[in-house]
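These are the residues of each chain, in order.
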Amino acid sequence: MTAAPLLRLATPADAGAIATIYAPYVNETPISFELQPPTAEQMAGRIERTLARTPWVVAEVDGAVRAYAYAGRFRDRAAYDWTAESTVYVDRSLHRSGLGRATMASVLRVLRLQGFRLVIAGVTLPNPGSEGLHRALGFQPVGTFDGVGWKAGRWHGVSFFELELFPRADGPRPVPIRPLPDLLGTPELAAAISG
């Protein structure tokens, strides 16, 4: 890398670059359990759906999107409203460059600003790089499903990690999370994205 990455919210216009980063993970590894890489059009739809509630952050290096991270719903039922599930992918030529950590840290700051309490991440095994990244960001392992997915001629397990953004407290119902669109244009969101 020749310049510090620019962290910003993704837009549907980033879909082609994001699909290009993601495709090798689908086609060549079990890291993603998808069997067919999404098209740029499909990825644009995913970006729009995610940004309606939660962050999708890209890292630009020298004007090109080279990494992305996002968070979405963990489960649909209302009791899970304060829990998000996160994902991060980096252009494979830039592994261990710090882009994954920077991009995921940005997403975590936005989730804190929104009022999320817990973030969950699933890591297909083996993947020591992703496990190390999540541990470095403060995630704790909470369990593994052995042989939960079939890809590339074998069964793969998935380890789950969690990161508590705010301490757990029983009592009155927590304040609802702030949907991402409610924060657009605010200095707080800009600061959370950029760090």
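Residues numbered from 1 in each chain as written. Predicted model: local features only at pLDDT ≥ 70, side-chain atom pairs only at ≥ 80, totals over all residues. Heavy atoms only, no water.

## Let's talk about unusual backbone geometry
A cis geometry characterises the amide bond from L125 onward to P126, with omega recorded as -5°. Positionally, P126 belongs in the loop between β5 (118-124) and α4 (128-136). A positive phi angle is found at D62, which is not glycine, with a value near 55°. We note that R96 has phi near 65°; this positive angle belongs to a residue other than glycine. On the secondary structure map, R96 appears in the loop between β4 (83-90) and α3 (99-114). (Helix = DSSP H or I, 4+ residues; strand = E, 2+ residues; numbered from the N terminus.)

## Here we look at the packing of aromatic side chains
Per the counting criterion, the structure on display carries 9 aromatic pairs. Ring centres of Y22 and Y89 lie 5.0 Å apart, and the angle between their planes is 70°; this geometry places the pair in the edge-to-face category. Of this pair, Y22 sits in helix α1 (residues 15-28) while Y89 sits in strand β4; the two residues are 67 residues apart in sequence, bridging distant segments of the chain. Exposure remark for Y22: the relative accessible area of 6% places this residue in the buried category. For Y89, a relative accessible area of 10% corresponds to the buried category. Their ring planes at 15° and their centres at 4.1 Å tell us that W56 and Y70 sit as a pair that is stacked. Of the two residues, W56 is situated in strand β2 (residues 56-61) and Y70 in strand β3 (residues 64-73); the sequence distance between them amounts to 14 residues. (Phe/Tyr/Trp six-rings, centres within 6.5 Å; stacked < 30°, edge-to-face > 60°. Buried < 20%, exposed > 50% of the residue type's maximum accessible area, 1.4 Å probe, protein only.)

## A few points about the nonpolar core
By size, the foremost hydrophobic cluster in this structure holds 53 residues, and its most contacted members are I18, W56 and L111. The residues contacting W56, other than those within four sequence positions of it, are R8, L9, A10, I18, M43, R46, I47, T50, L51, Y68, A69 and Y70. (Core = buried A, V, L, I, M, F, W, Y, C linked by side-chain atoms within 4.5 Å. Contact = heavy atoms within 4.5 Å.)

## A few points about α1
For α1, built from 14 residues, the straight-helix expectation of 20 Å at 1.5 Å per residue is met to within 8% by its first-to-last C-alpha distance of 20 Å. Where α1 bends most, at Y22, the angle is about 30°, and the proline P24 comes one to four residues later. Residues of α1 that are buried: A15, I18, A19, I21, Y22, A23, Y25 and V26. (Expected span 1.5 Å × (residues − 1). Bend = angle between axes of the 7 residues up to and from the residue.)

## Here we look at the side chain of T29
Within the fold, T29 resides in the loop between α1 and α2 (40-51). Given a relative accessible area of 11%, T29 falls into the buried group. A polar side-chain atom of T29 sits 2.6 Å from the main-chain carbonyl oxygen of Y25. Residue contacts for T29: discarding those within four places in its chain leaves P24, R92 and K151. (Polar contact = N/O pair within 3.5 Å; in protein donor to acceptor, adjacent residues only side chain to side chain.)

## Some thoughts on the pairing of β2
Taking burial as the measure, the 6 residues of β2 include 6 buried ones, the bulk of the element. Along β2, one buried face is formed by W56, V58 and E60 and the opposite face, lined by V57, A59 and V61, is buried too. Both strand β1 (residues 6-9) and β2 contribute to a ladder of 4 bridges, which runs antiparallel. Bridge pairing in β2 places R8 opposite V58. Of the pairings in the sheet, the one linking β2 to β3 comprises 6 bridges and is antiparallel in character. The residue bridging V57 from the neighbouring strand is A69, located in β3. The antiparallel pairing of β2 with β3 creates a hairpin that spans 2 residues between the two strands, and D62 there sits at a positive phi of about 55°. (Pairing = 2+ DSSP bridges.)

## A look at the sheet that holds β3
Taken together, the 7 strands give an open sheet; going across it, the order is β1-β2-β3-β4-β5-β7-β6, and neighbouring strands pair in mixed fashion. This sheet does not close on itself; its edge strands, each paired only once, are β1 and β6 (140-151). The mean angle between the axes of side-by-side strands here comes to 25°, regardless of whether they run parallel or antiparallel. In this structure, β3 lies alongside β4, joined through 7 bridges in antiparallel fashion. The residue bridging R73 from the neighbouring strand is A84, located in β4. Set on the sheet, α1 makes contact with β2, β3, β4 and β6; between it and β3 the angle comes to about 80°. (Axes fitted to C-alpha atoms, helices over the stretch in contact; angles between N-to-C directions.)

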